[in-house]
There are 2 protein chains.
Amino acid sequence: MNQNKAHSYSDKLPQAMQPDSALAVFGKDQPLQLASGIVLPSFQIAYQTYGALNSNKSNAILICHPLTCDQHVANPHPVTGKPGWWTNLIGPGKIVDTERYFVVCSNVIGGCLGSTGPAAINPQTGKPYALDFPVITISDMVRAQVMLVDRLGIDTLFAVIGGSMGGMQVLQWASAFGERVFSAIIVASGARHSAQNIAFDEIGRQAVMADPDWRAGNYIEAGTSPRKGLAVARMTAHITYLSEAALHRKFGRNLQERSEVTFSFDADFQIESYLRHQGMVFVERFDANSYLYLTRAMNYFDLAAEYGGHLSHAFRRARTLFFVVSFSSDWLFPTRESQIIVHALNLAGAPVSFAELRTDKGHDAFLLNEPMMFSTVNGFLQSAARARGLSIQ
Amino acid sequence: MNQNKAHSYSDKLPQAMQPDSALAVFGKDQPLQLASGIVLPSFQIAYQTYGALNSNKSNAILICHPLTCDQHVANPHPVTGKPGWWTNLIGPGKIVDTERYFVVCSNVIGGCLGSTGPAAINPQTGKPYALDFPVITISDMVRAQVMLVDRLGIDTLFAVIGGSMGGMQVLQWASAFGERVFSAIIVASGARHSAQNIAFDEIGRQAVMADPDWRAGNYIEAGTSPRKGLAVARMTAHITYLSEAALHRKFGRNLQERSEVTFSFDADFQIESYLRHQGMVFVERFDANSYLYLTRAMNYFDLAAEYGGHLSHAFRRARTLFFVVSFSSDWLFPTRESQIIVHALNLAGAPVSFAELRTDKGHDAFLLNEPMMFSTVNGFLQSAARARGLSIQ
């Protein structure tokens, strides 16, 4: 047993329980009813806001974060010091203009940046939940966000925006709480996870669980960290975020700071060095169990299944304005997954715009400097703002 | 230290030193000069033969095996008991008819089914080589095969045939020993490994090396086995062997022997169960270090680089008849990699036929029951046999 549990715990994941973010704490009078049937008796949601809510509360935008991002969408990250993950899109004077809109972004339930997740302390035991944390779903994430939005006194969100796992949350919002979503932007996402995506996630989980420092999930208590396993998981996922063309353009078969191969297992190739780096930096900011839970939530997501296999039924009551964006070289969420959403929205008679953007940057494109994404999202948002009666500034 | 080294060793990898195959042993008078500059002072090659060499030795076909296969191409595997890995194509009355041709298939140098590799005993230490085994290349594999073919008294091979890593060996044969190759069939392969392929291999290696039972490579001596790491490596590679469409058709989001998800990390989905099974069975028959060395050899392969960046120069002296086959849904070796080979052969003025076969089975198609592959390979072989003056039976 490690004698410095508390120290080693706060040392490793300082943001998990005491985040540099606002906290919405929900006590036993406001439990979270989970899709599994389990009830989370108390929990907290860590969130960031940017800009100001207008007097009639009509300018709120909720940003839903993807798998390994968090609530720090437009401010420097408290662990890495890097700029917020969507500052290309969000900030003062940006497309999602924080001088015009009140932007909210919360860490999902199950996350590790301050919202209750497997790294949080289980009040019943006084120890980290670890695998005693209940398995959560995309719908659970959204239900927790609804409680946060209620707490903030917002009835209808002007827009809910998200990419990848964030896009899944947007779809869930629009289907389960459509009357509270004026407009929805779903980027590089899908209404379900494919067999191939489940396969890649399963490999990541197996890599984490194969690491003896995972300690059957109890690594925080043991004072260890499954760094190697989590790094392999991150490396695997990272390949799926890039296109073959982007990998070829960026790295090709270029050697890393050498002119000849070394005939060894060193990182001779730049792509190897890059992946090792990606794996190493990730373990500094992310909790391994959280990674297991969030990938599981994505695997379980299948919106049509909740509606008898008819995705269009998910949007029957929707009066939301939809914008769906895909990237031509995204093989994690290929364009056909977006087309399935658009087709269902068409069947449901919902207003939807759709753009497939040509790029060779793969799934990652949604986080990068993609002018075509900015201009199309801008056009949609401006149009939605007019429909919402938000004055153009 | 494990007191039963010898026992645990032969128990785990009985085929590595005492294979159920013919052995060609090369002593110190016939060392293997490796591409790295290192000399392997003595070594052995384990091989299988099928059929009989004709009197003028003109009917010999060499089969080059892919990464995780071995010499047991057309007989039951000594460890798994399963049929040979290319019995769809090779055997009595098959396309590669062992009643007509003398078929040879050898375990590559660096392998673990009897040819000298990292699991073999290093004569200088009396212990397994482990990471003291020199890093080998595709050209080293071929040079060892040339010595075997010499030993068998064969001057010119009627055909050299291989898929994937086997196809790389065929290309190396045709470029370095073209005068000894009457015809060459390259299936689902490439003249180089792409950045994405290197990336997936690197993940597999990192997974093996992250397993504490790998023991810095000395697991045989330690009496351990990096089973979990090697299983993760196999699972990762296995995804790249299948197409997204094949995964969707075979598994989709089907659940494994249950009607509801379990809200756990069990293998709820069939694809998860399938991958776990693939990982588990692989570790029973393959050596982890051998996996590191053979993937490294594939990563290093870049035939054009050996000829000043001009792939066509690799085939300048070739009088070989070439047949190149790709599969439309293969994303490990996409059709464009085959087209690069064909283009280079065209530039070199070499006779080449090329077929892209439509299938949704991905890279794996070359090992499966693909009637179009059989008929096109048959057509090419029959035509080559006529050109070679081999009588039609």
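Look up a bit, the structure's there.
Residues numbered from 1 in each chain as written. Chains lettered and ligands numbered in written order. Predicted model: local features only at pLDDT ≥ 70, side-chain atom pairs only at ≥ 80, totals over all residues. Heavy atoms only, no water.

A. Spotlight on the packing of helix H5 (residues 195–210) of chain B against helix H10 (residues 288–300) of chain B. Residues and elements named next belong to chain B. Orientation of H5 relative to H10, taken along the N-to-C sense of each, is 160°, at an axis distance of 10 Å. Between H5 and H10, the angle falls in the class roughly antiparallel. Note on packing geometry: the crossing formed by H5 with H10 is left-handed. Contacts from Asn-197, Ile-198, Asp-201, Arg-205, Val-208 and Met-209 in H5 reach Ala-288, Leu-292, Thr-295, Arg-296 and Asn-299 in H10. Considered class by class, the residues forming the contact of H5 with H10 number 5 nonpolar, 3 polar and 3 charged. (Axes fitted to C-alpha atoms, helices over the stretch in contact; angles between N-to-C directions. Helix = DSSP H or I, 4+ residues; strand = E, 2+ residues; numbered from the N terminus. Parallel < 35°, antiparallel > 145°, perpendicular 65-115°, else oblique. Left-handed = near helix turned anticlockwise from the far one by under 90°. Contact = heavy atoms within 4.5 Å. Nonpolar A, V, L, I, M, F, W, Y, C, P; charged D, E, K, R; others polar.)

B. Broad picture of the packing of helix H3 (residues 138–151) of chain B against helix H4 (residues 165–176) of chain B. Residue and element names in this part refer to chain B. Packing of H3 against H4 brings their axes to within 9 Å, and their N-to-C directions diverge by 70°. Put simply, H3 runs roughly perpendicular to H4. Pair H3 / H4 crosses with right-handed handedness. Contacts between H3 and H4 involve Ile-138, Ser-139, Met-141, Val-142, Gln-145, Val-146 and Val-149 from the former and Met-165, Met-168, Gln-169, Gln-172 and Trp-173 from the latter. Classifying every residue of the contact of H3 with H4 gives 8 nonpolar, 4 polar and no charged.

C. Highlighting the pairing of strand E11 (residues 321–327) of chain B. Residues and elements named next belong to chain B. Here E11 lies mainly inside the structure; 6 of its 7 residues are buried. Strand direction decides the pairing type here: E11 and strand E12 (residues 352–357), joined by 6 bridges, are parallel. Counterpart to Val-325 in the pairing with E12 is Ala-355. Regarding the hand of the β-α-β motif, the stretch spanning E11, helix H11 (residues 335–347) and E12 is right-handed. (Buried < 20%, exposed > 50% of the residue type's maximum accessible area, 1.4 Å probe, protein only. Pairing = 2+ DSSP bridges. Right-handed = clockwise from strand over helix to strand, strands pointing away.)

D. Representation of the interface of chain B and chain A within the structure. Residue-level contacts link 53 residues of chain B with 53 residues of chain A. Approximately 4700 Å² of surface area, both sides summed, lies buried where chain B meets chain A, with 69% of it carried by carbon and sulfur atoms. Three residues, B:Arg253, B:Phe263 and B:Phe265, lead the burial of chain B against chain A; their summed loss comes to 18% of the area buried on that side. One salt bridge connects A:Arg276 with B:Glu202, and the closest N-O pair in it is separated by 2.5 Å. It is H5(B) that contributes the most residues to the side of chain B that touches chain A, 12 residues altogether. Of the residues contributing to the side of chain B that touches chain A, the split by class is 28 nonpolar, 12 polar and 13 charged. (Buried area = accessible area lost by both parts, 1.4 Å probe. Salt bridge = Lys/Arg side-chain N within 4 Å of Asp/Glu carboxyl O.)

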